[in-house]
Amino acid sequence: MRHNRGVGQTVEPAVALGEDPRTYARLLAQVYDATMSGERPPARPREVIGDSWDRVRAAGLRPDDAAGPAIHAADLARLRRESGLAGMIDEFTSGLAPLTEGGSSILVVADAEGTILWRGGPSRVLRQADGLGFVEGAAWSESRVGTNAIGTALAARSAVQTFSAEHFARSQHPWTCAAAPIRDRRTGKLIGVVDVSGPASTVHPTTLALVATVARLAESRLHESHLAGLDQLRTVAAPLLAGMPGPGLVVDPHGWVAAVGQLSPRARVTLPEMMDGSHLWLPELGECAVEPLPGGWLLRPVDAAGSLERTRVTVDLRSERSPQVSVVGSGGQWRHGLTPRHAQILELLADGTGHTAAQLALSLFGDASRVVTVRAEISRLRRVLSGLIAAQPYRFADGVTVEVLR
């Protein structure tokens, strides 16, 4: 078998150019049978496939498990509305027409959980897919149906092609599929997958590259739509901020900044998932008054001295690998992952005595002269804990209650 190229490669076809698919499928079947029976396989599967098989087997799935039932039509309609992908279907259809109009492959679009939202293509192939439960509303994640292009692309966060016995479920061995995840650049999160599936005989090395290209074009289209929305919000925000006394900024629902007044420029602020109430504590700005606008929010930083008495900071050091700090106050709750160095600094500041830069440097590095490094780290911390860390000496601001969990 071919040398593994690793999961990080975004367009590794299942069958290399010039490789005989039938010969390769026979070898895959031997590798699959040996692996599933616990015997030594004649060759190793590709890394992305071997990793997926390990995950699926650890989850307790069996090769002969069938796909589960599809969700109800009302739930499917809701997921389609919430996916943010409905406006991309025509682009997917036209972009992948060279693969689907030949009569042997279908186009499939799934959400970030692997639920199939749309299908399209030749009726003959759609009927074959029906026999697998590969239908609209069916869950096609790895945890539900094992290794497959849609579920494995989500798990590996990269474009994946699966061929024949690379699929975990035996019922899928007559198929080949190529899928690429779609990310929303506003949030950095995966929002779905575009996939082309068909009989194993249709496998081709260029299929995955085309599917991945169409996915990237969809991401670009979503990004352009986002920028257009910011421009529209800016037409409202600019005159509003110009006539407003004091600092403020206008952001879209994801925290991207449309306009700033009397504040340093910034691209984005961290918003909670739920925006409720007239006040909010934000890591970059501290306490803010919040007002809704069409398509976004007006945020106005306020004097938070009084509100700090109601602020509790928890430094959670129970996990060495993922220390966290959480802030609870009148403006809601917020949580942030810490670097090990920032966790050390907050632990020192939590003793309430106050520390000079030289004292912190001696505690952190055993060298009191490294004050420049300390001041740089404190500056980074204050950007995510706005108003909560005081200086001269460095300490938590008066009124803030601090707890360290060790």
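For every chain, the first residue of the written sequence is number 1, and numbering continues from 1 along that sequence. Where totals are concerned, whole chains, interfaces and linings use all residues; where local detail is concerned, this predicted model gives features only for residues with pLDDT of at least 70, and gives and counts side-chain atom pairs only at 80 or more. Only hydrogens and water are removed before side-chain values are computed, so all heavy atoms of the structure are retained for them.

As annotated in an unreviewed UniProt entry, the protein chain is GAF domain-containing protein from Tsukamurella spumae.

Time to look at the overall build of the protein chain. Secondary structure elements follow DSSP: runs of H or I of four or more residues count as helices, runs of E of two or more count as strands, with numbering from the N terminus. On a plain count of helices and strands, the protein chain comes out with twelve helices and 16 strands. Expressed as lengths along the three principal axes of its C-alpha atoms, the size of the protein chain is roughly 75 × 55 × 35 Å. We call two residues in contact whenever any of their non-hydrogen atoms come within 4.5 Å of each other. Expressed as a percentage of contacts within the protein chain between residues at least 6 apart in sequence, the contacts between residues at least 24 apart total 53%. For the protein chain, the exposed area adds up to about 19,600 Å²; of that, 51% sits on carbon and sulfur atoms. The centroid of the 42 positive side-chain charges in the protein chain is displaced by 2 Å from the centroid of its 42 negative side-chain charges. What sets the accessible areas is the Shrake-Rupley method with a 1.4 Å probe; for residues, cover comes only from the shown protein chains. Charge convention: Lys and Arg are scored as positive, Asp and Glu as negative, and His as well as the terminal groups of each chain are ignored. By convention, the point assigned to a charge is CZ for Arg, NZ for Lys, CD for Glu and CG for Asp.

This brings us to the layout of surface pockets. Of the pockets and cavities examined, the largest pocket occupies roughly 630 Å³. Taken together, 19 residues make up the lining of the largest pocket; nearest its centre are Thr187, Lys189, His254, Arg268 and Glu273. Looking at the lining of the largest pocket, the elements with two or more residues in it are helix H3 (73-83) and strand E5 (189-199). Where each domain starts and ends comes from a domain assignment, either automatic or drawn from a database. Residue assignment places the lining of the largest pocket across two domains, with domain 1 (21-225) and domain 2 (244-301) each supplying three or more. The definitions used throughout rest on a 1 Å grid laid over the protein atoms alone, on which a cavity is an enclosed set of points accommodating a 1.4 Å probe that cannot get out and a pocket is an open set flanked by protein within 12 Å on both sides along at least five of seven lines; lining residues are those having an atom within 4 Å of a point. Grid points are joined across faces, edges and corners, and a volume is the space filled by probe spheres set on the points.

Once the domains are mapped, the protein chain shows domain 1 (21-225), domain 2 (244-301) and domain 3 (308-404). Distance from the C-alpha centre of domain 1 to the C-alpha centre of domain 3: 45 Å.

We now examine the confidence of the model for the protein chain. Residues with a pLDDT of 70 or more make up 94% of the protein chain, whose mean pLDDT is 89. Taken element by element, the protein chain is modelled with least confidence in strand E13 (residues 332-337), mean pLDDT 76, and with most confidence in strand E1 (residues 106-111), mean pLDDT 98. Note on residues 3-9: pLDDT under 50 across the span, and 17 contacts to partners over four residues away in sequence or across chains. The pLDDT value expresses, per residue, how confident the predictor is, ranging between 0 and 100.

So, on to the sheet that holds strand E7 (residues 257-261). A pair of strands is considered paired only if DSSP assigns at least 2 bridges between the two. An order of E7-E6-E10-E9-E8 is seen for the five strands of this open sheet, with the pairing classed as antiparallel. Bordering the open sheet on either side are E7 and strand E8 (279-282), each of which pairs with just one other strand. Taken pair by pair, the neighbouring strands of this sheet meet at an average axis angle of 30 degrees, ignoring direction. Two strands pair when backbone bridges link them, and strand E6 (residues 248-251) and strand E10 (residues 296-301) are joined in this way by three bridges, in the antiparallel orientation. Paired with leucine 249 across the bridge in E10 is leucine 299. Along the sheet, helix H9 (residues 205-242) makes contact with E6, E7, strand E9 (286-293) and E10, crossing E7 at roughly 15 degrees. Orientation is described by lines fitted to C-alpha atoms, with helices fitted over the stretch in contact, and by angles between N-to-C directions that extend from 0 to 180 degrees.

When the centres of two rings from Phe, Tyr and Trp lie within 6.5 Å, Trp using its six-membered ring, the rings pair. Their planes under 30 degrees apart give stacked, over 60 give edge-to-face, and anything left gives tilted. Counted under the stated rule, the structure contains four aromatic pairs. Consider the rings of phenylalanine 134 and tryptophan 140, whose centres lie 4.8 Å apart with planes at 50 degrees: the pair is tilted. Exposure class is identical for phenylalanine 134 and tryptophan 140. Each is buried. Here the aromatic residues Phe134, Trp140 and Trp175 are joined through ring pairs into a cluster of three or more. In this scheme, a residue with accessible area under 20% of its type's maximum is buried, one over 50% is exposed, and one in between is partly exposed, where area comes from a 1.4 Å probe on protein chains only.

This next bit is on the nonpolar core. Counting residues in hydrophobic clusters, the biggest one holds 42 residues, and the most contacted among them are Trp53, Ile106, Phe134, Trp140, Ile150 and Phe163. If you list the elements that add at least two residues to this core, you get helix H1 (21-36), helix H2 (47-58), E1, helix H6 (123-132), helix H8 (149-156), strand E3 (160-163), strand E4 (175-184) and E5. Sorting elements by how many residues they give to this core places H1 first, with six residues. Ignoring anything within four residues of it in the chain, the contact list for phenylalanine 163 reads Ala14, Val15, Pro21, Tyr24, Ala25, Leu28, Trp175, Thr176, Ala200 and Val203. In plain words, nonpolar cores are sets of buried Ala, Val, Leu, Ile, Met, Phe, Trp, Tyr and Cys residues tied together by side-chain atoms within 4.5 Å. Of all hydrophobic cores here, the second largest spans 28 residues; its members include Val313, Val325, Leu349 and Ala397.

Right, let's talk about the sheet that holds strand E2 (residues 116-120) for a bit. Strands pair in a sheet through their backbones, by hydrogen bonds, and they do so in one of two ways: parallel or antiparallel. Pairing within the open sheet is antiparallel, and its five strands lie in the order E2-E1-E5-E4-E3. Looking at the sheet topology across the chains shown, the edges are occupied by E2 and E3. The mean inter-strand angle of the sheet, taken between neighbouring strand axes irrespective of direction, is 20 degrees. Where E1 meets E2, four bridges bridge the pair, whose relative direction is antiparallel. Bridge pairing in E2 places leucine 107 opposite glycine 120. The strands that H9 touches are E3, E4 and E5; relative to E4, the one it contacts most, it runs at about 20 degrees.

What follows is about the pattern of salt bridges. We count a salt bridge whenever a side-chain nitrogen from Lys or Arg sits within 4 Å of a carboxyl oxygen from Asp or Glu. Per the stated rule, a full pass over the model turns up 20 salt bridges. Here glutamate 219 and arginine 216 are joined by a salt bridge, their closest N and O atoms 3.1 Å apart. Within this pair, glutamate 219 and its partner arginine 216 are both found in helix H9, separated by three residues, close to a single helical turn. Judged by relative accessible area, arginine 216 falls into the partly exposed class, the value being 31%. Via salt bridges that share partners, Glu12, Arg46 and Glu166 belong to a single interconnected network.

With that out of the way, let us pick up the environment of glycine 248. Position of glycine 248 relative to the elements: it lies in strand E6. Expressed as a C-alpha distance, the spacing of glycine 248 and arginine 22, which sit 226 residues apart in the sequence, is 65 Å. Every residue in contact with glycine 248, bar those within four places of it in the chain, is listed here: Leu241, Val260, Gly261, Leu263, Leu299, Arg300 and Pro301.

Per the UniProt entry, the sites bearing "domain: GAF" (unreviewed entry) are residues 113-221 in this numbering. Helix makes up 36% of residues 113-221 and strand 28%, whereas the separation of the span's terminal C-alpha atoms amounts to 22 Å. UniProt positions are given in the numbering used here, feature names are shortened, and annotations may be inferred rather than shown by experiment.

This part is about helix H10 (residues 340-349). Inspection of H10 places His342, Ala343, Ile345, Leu346 and Leu349 among the buried residues, and these make up the whole buried set. Taken end-on, H10 shows its buried residues confined to a sector of 160 degrees, consistent with a single buried face. The directions from the helix axis to the C-beta atoms form the arc being described.

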